[in-house]
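# Inside the fold
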Amino acid sequence: MLSRWIPAAGRQRGLLARLGSRAYSYGRVFDAAARDGELRVFVVAGEVSGDSLASRLMASLRKLSPVPVRFAGVGGELMCKEGLQSLFPMEEIAIMGLWELLPHIYNVKRKIKDTLDAAILFRPHAVVTVDSKGFSFRLLQQLKCRYNQKVDSPLHVHYVAPSFWAWKGGESRLSKLHNFVDHMLCILPFEDEICRLHGLPATYVGHPLLDDAAGLNVAGTSLQHKNVDSELSPDMSMRQRSGEAFSLEHGLSSGN
């Protein structure tokens, strides 16, 4: 039913606290932000869906942070409305698949370097990458190498877990992400449990489209799960069905 896919009402309000509770384990993110008088967040999205997710996260962080929040990074129109001045058009890194990447590989490498240099210059307390795992993971790996375990290295958060459950044995790859991802924000309720089982701290935060559906509250009607599926993209519907099968196969909790 719908309750499986809609996060608790207070889930998004608690997101900021959850980010600080683990990462930078001792609250270093917020201690540093309080000391600096601002919370600096470097955020990167390379797709339209990521632009939407990141813009909502930016708005929530600004509302919930006890200190002013300043953003830098790469994003689209919605993120720019939340105060981001994108380093370059988001579409320049919106490349899907190996064959599409090959003709643009030099440009993508240059964009990673430009983004890396900008992140270092910005001195963020946290770096948040949203989906676009090809670009995002390369960026986070190089950032981790550049900081080389320095005490003031930023928290690395990735929003939208890769679809590890879509291929056999894919969940085993999660343990490698721990080398450069400090915390994973998951949009499906079974993903956080699998991430934690493989050593990657994670939080289920839900999907904004489902939050919107819950907020409609149309009098005299009841929204069935199949109606939500019809509003989702085909890819998202496939993710939900595959996720259910994955949970059953591995004996995971349903997320209720």
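The protein chain appears in an unreviewed UniProt entry as lipid-A-disaccharide synthase from Aegilops tauschii subsp. strangulata. Quoted verbatim from the Catalytic activity (unreviewed entry) field of the UniProt record, the comment on the protein chain reads "a lipid X + a UDP-2-N,3-O-bis[(3R)-3-hydroxyacyl]-alpha-D-glucosamine = a lipid A disaccharide + UDP + H(+)".

The general pattern is negative phi for most residues beyond glycine and trans for most peptide bonds. In the Ramachandran plot, Arg123 falls in the positive-phi region, its phi being about 55° despite a non-glycine side chain. When you line up the elements, Arg123 lands in the loop between helix H6 (105-122) and strand S3 (126-130). Among the residues examined, Arg123 registers a relative accessible area of 53% and is labelled exposed. Although it is not a glycine, Ser132 adopts a positive phi angle of roughly 40°. We classify Ser132 as buried; its relative accessible area is 9%.

Right, let's get into the environment of Leu78. Mapped onto the fold, Leu78 is located in helix H4 (residues 77-81). Sequence-wise, Leu78 and Gly50 are 28 residues apart; in three dimensions their C-alpha atoms are separated by 9.8 Å. Each residue touching Leu78, except ones within four places of it in the same chain, is listed here: Asp51, Ser52 and Ser55.

Next up on the list: the nonpolar core. Ranked by internal contacts, the top residues of the largest apolar core, which has 60 residues, are Val43 and Tyr159. Here Val43 is in contact with Ala54, Met58, Phe71, Ala72, Gly73, Val74, Met79, Leu84, Val128 and Val130, once residues within four sequence places are set aside.

In this section: the packing of aromatic side chains. Overall, the coordinates contain two aromatic pairs when judged by the stated rule. In this structure, Lys111 packs its charged tip against the face of Phe88, placed 4.5 Å from the ring centre.

With five of five residues buried, S3 is to be regarded as a mostly interior element. Judged by which residues are buried, S3 turns out to be covered on both faces: Ala126, Val128 and Val130 on one side and Val127 and Thr129 on the other are all buried. Alignment of strand S1 (residues 39-45) against S3, held across five bridges, turns out to be parallel. The residue of S3 that forms the bridge with Val43 is Val128. The pairing of S3 with strand S4 (residues 155-159) spans five bridges and is parallel.

What counts, and at which threshold
- Residues numbered from 1 in each chain as written.
- Predicted model: local features only at pLDDT ≥ 70, side-chain atom pairs only at ≥ 80, totals over all residues.
- Heavy atoms only, no water.
- UniProt positions renumbered as here; feature names shortened; annotations may be inferred.
- Helix = DSSP H or I, 4+ residues; strand = E, 2+ residues; numbered from the N terminus.
- Buried < 20%, exposed > 50% of the residue type's maximum accessible area, 1.4 Å probe, protein only.
- Contact = heavy atoms within 4.5 Å.
- Core = buried A, V, L, I, M, F, W, Y, C linked by side-chain atoms within 4.5 Å.
- Phe/Tyr/Trp six-rings, centres within 6.5 Å; stacked < 30°, edge-to-face > 60°.
- Lys NZ or Arg CZ within 6 Å of the ring centre and 35° of its normal.
- Pairing = 2+ DSSP bridges.

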